[in-house]
Amino acid sequence: MATSQPRSSGLFSGVVLLSVGVLLLLHNFGRLELHSFFTRWWPLLIIFWGIVKLYERTLGRRFGTGGVTSGEVFLVLGMFALLGVVVLVDITREKLPKGFDFGDNFTFDIADVPPKTIPANAHVLISNGKGDLNIRASDENTIRISAHSTVRGWNESDAQRNAKNIIIEIAKNGDTYEIRPKGFDLSDSRISVSMDIDVPQKSPLAVKAQAGGVTVSDFLADLNISNQTGDVDVRNTTGDISIDLHKGDAKISDTHGDIKVSGKGGEIDANDATGSLTVDGDFFGPIRGDHLAKGVRLITPKTDMTLSALSGHMEAGSGNLDIVDAPGNLALRTRDAEVTVENAGGKVNIDNRNAEVSVRFSSVPHEDIQITDSSAEVSLTLPGSSSFEIQADCRECDITSEFPGLEATKSESGDSHLAGKYGSGRGPKIILKTSYGNINLRRTSMALPPRPPVVPAVPAVPEIPVPHVPKVPKVPSIAVPNPPAVPDSTDQ
C-alpha cells in the first residue's frame, strides 16, 4: 500500500517570500536596520511561522492538505541565510575602521543657514571634520554660509541615510561665535562637509579642521588655523598668522603681519610679507620664502637659522639650503645640507656638518664672517676691493687664496693654516674652519665701467660736380655824343 506524501497548500511559501522581500526593501530604503530588528524581534519569525502552519493545518483538515514539506524547510533555511548575509554585511561595515572607505561618493545640498549678524570685532571659530573650507572676509558684520555634504556609501539610499540629518550651526559661546556641522560623528571619514563662509573682515578668526583644504583671504584681523590633514592657503591679510599642520602644505602670500607655521608636513611657501616667517617643526619641504622684510626663523630637527632680512629668495630642502639677496645678518647651524649664500650683506655665522658651504659677497663686507664645517669644503668669495683680517684652518686639506699676499702654510701632518690681513682699510674679521675638506678664498674682480661706444666717423660728403656755365660775351661800348652847350644868360 503506497504511502501518501504530505502536500503543502503553498500559502506558507508565498508568505515567506513576501515577508523577506518586504524586509529587504525596507532595509534598502533606510527604513529598517535588519541587524537591530533581528537582535530584538527575531522570535517574531518563529511565532509567524507557527501561525501560518496552524492555519495550514486547519485547511488541511478541511481539504486534505497540510504538513511540512522538505521544500518549505529548504525555503526557510535559504531565506534565513539571505537575511543573515545582509545582517553580516551591515555588522562588517560598522566594525570596519572609519578610515576604510568603500563604495561611491554622493553629494547632497545642506539646508541653507540663515545669515547671522554679529558684533564688530567678535571672535569667530570654525570647526569641521572632513571637507574643504573657503573662508572670505566680508565688509558686513554678518556671517553667511553655503554648504554641501559628500557621503560615501554602497548606494545613494545608503548615503542619503547618513546625510539626511546633517546641518550647519552657528552657536554663541561667550564672546565667540562657533560655526560647526552637526548630525554626524566628525571623525567619520565617510562623510565630508564643505563650506563657503563669509566672515566680517575685522573678526579674529580661528579654524580647526581634521581633513581637507582651508583657504582664507582678505582678513584684517589675526588668523589661527589648525589642520590635521590638508593644505592651508592664506592670501592678502593684515594681521598675524599662526598655522599648525600635521600633514599638508602651507602657502602664504601678500600679508602684512608675522607668519608662524608649526607642526609637521610637506611644503611651505611664503612670499611678499612685511613681517617675518617662523617655521618650527618637522617639514620635509621644500620651505621657500621670497621678499620677507623681517627675515626668517627656521627651527627643524636638522636646522636652526635666523635671518634678519630677506629681499630675495630662500629655499630649504632635504639636502640643500639656498639663500639669495640677504642684506641682513645670518646665523645658521645645520647638518647634511649644502649651504649656498649669494649676495650676503650682513654678519654671517654658519656651522655645518658633512656638506659644503659656499658664501659669496657682491659688495664689500663690513661685518664679521665665521664659517665652520667638517668633512666638507668651504668657499668664500669677496670683492677684490675688500679689506679684512683672516684666519683659516683645516685638517688634512688644502687652502687656496686668490688674494695677493695671503699664502697658506701646510704642516707635515697635512694640516693647512692661513692668517693675515688684506687691504688698506679696517675691515671685518674672517674665521674659516673645516676638516677633511679644502678651503677656497676667491676674489671677484672689480667691475670696470663699460667703455663709451665709438662714434663712427662721419662719411665725407661726395663732391657735387658744378655744370660749366658759358661766359657771357661783352657788350660792345656805344659812344654817346656830348650834349650841346647851353648858352649863358649873362652873355645876352
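**Q** Would you mind going over the side chain of Ser386 with me for this structure?
**A** Here Ser386 shows up in the loop between strand S28 (378–383) and strand S29 (388–395). Ser386 gets classed as buried once you look at its relative accessible area, which sits at 1%. Separated by 2.8 Å, the side chain of Ser386 and the backbone oxygen of Pro383 make a polar contact. Setting aside residues no more than four positions away along its own chain, Ser386 makes contact with Val364, Pro365, Tyr422 and Gly423.

**Q** What am I meant to see in the pattern of salt bridges here?
**A** Pairing is possible between side chains that carry opposite charge, provided their charged atoms lie close to one another. Scanning all chains against the criterion turns up 15 salt bridges. A salt bridge links Glu140 to Arg144, with the shortest nitrogen-to-oxygen separation between them at 3.1 Å. Note on Glu140: relative accessible area 41%, which makes it partly exposed. By relative accessible area, Arg144 is classed as partly exposed at 38%. Residues Glu169 and Lys182 are paired through a salt bridge, measuring 3.7 Å at the closest nitrogen-oxygen approach. Placement of the pair is Glu169 in strand S6 (residues 167–173) and Lys182 in strand S7 (residues 176–182), with a sequence separation of 13 residues. Salt bridges sharing partners connect three or more residues here, namely Glu169, Glu178, Arg180 and Lys182.

**Q** Which parts of the structure should I look at to understand the confidence of the model for the chain?
**A** Interpreting fine coordinate detail is not advised for predicted regions of low pLDDT. Per-residue confidence for the chain gives a mean pLDDT of 83, with 72% of residues at or over 70. Confidence drops under pLDDT 50 across residues 1–7; counting only partners more than four residues distant or on other chains, this segment forms eight contacts. Considering only residues more than four positions removed or in separate chains, one finds that residues 447–451, a stretch of pLDDT under 50, has zero contacts.

**Q** What is the right way to read the pairing of strand S23 (residues 330–333) from this model?
**A** Consecutive side chains of a regular strand alternate in pointing toward one face of the sheet and then the other. By the alternation rule, side chains of S23 split into Leu330 and Leu332, which are all buried, and Ala331 and Arg333, of which none is buried. One ladder, built from four bridges, connects strand S20 (residues 304–307) with S23; its direction is antiparallel. Each bridged residue has a counterpart across the sheet, and for Thr306 the counterpart in S23 is Ala331. For S23 and strand S25 (residues 348–351), the ladder comprises four bridges, and the chain directions are parallel. Across the sheet, residue Arg333 finds its bridge partner in S25, namely Asp351.

**Q** How do you make sense of the state of the cysteines when you look at a structure like this?
**A** Each disulfide is one covalent bond, formed between the sulfur atoms of two cysteines. On inspection of all chains with the given rule, the structure shows one disulfide. Sulfur-sulfur distance for the disulfide between Cys394 and Cys397 comes to 1.5 Å. Of note, the bridge from Cys394 to Cys397 carries an S-S torsion of about 135° and is right-handed in sense. Here Cys397 falls in the buried class, since its relative accessible area comes to 3%.

**Q** Just checking my understanding: could you explain the packing of aromatic side chains for this structure?
**A** The relative placement of two aromatic rings is captured by the distance of their centres and the angle of their planes. Applying the stated criterion across every chain yields a total of three aromatic pairs. Seen from their ring centres, Phe388 and Phe403 are 5.2 Å apart, and the 85° between their planes marks the pair as edge-to-face. On the criterion of sequence distance, the pair formed by Phe388 in strand S29 and Phe403 in the loop between strand S30 (399–401) and strand S31 (409–410) is long-range, its members being 15 residues apart. Take Phe388 and Phe403: they sit in the same class, and that class is buried. With a centroid separation of 4.8 Å and 75° between ring planes, the pair formed by Phe403 and Tyr422 is classed as edge-to-face.

What counts and what doesn't
- Residues numbered from 1 in each chain as written.
- Predicted model: local features only at pLDDT ≥ 70, side-chain atom pairs only at ≥ 80, totals over all residues.
- Heavy atoms only, no water.
- Helix = DSSP H or I, 4+ residues; strand = E, 2+ residues; numbered from the N terminus.
- Buried < 20%, exposed > 50% of the residue type's maximum accessible area, 1.4 Å probe, protein only.
- Polar contact = N/O pair within 3.5 Å; in protein donor to acceptor, adjacent residues only side chain to side chain.
- Contact = heavy atoms within 4.5 Å.
- Salt bridge = Lys/Arg side-chain N within 4 Å of Asp/Glu carboxyl O.
- pLDDT = per-residue confidence, 0-100.
- Pairing = 2+ DSSP bridges.
- Disulfide = S-S within 2.5 Å.
- Phe/Tyr/Trp six-rings, centres within 6.5 Å; stacked < 30°, edge-to-face > 60°.

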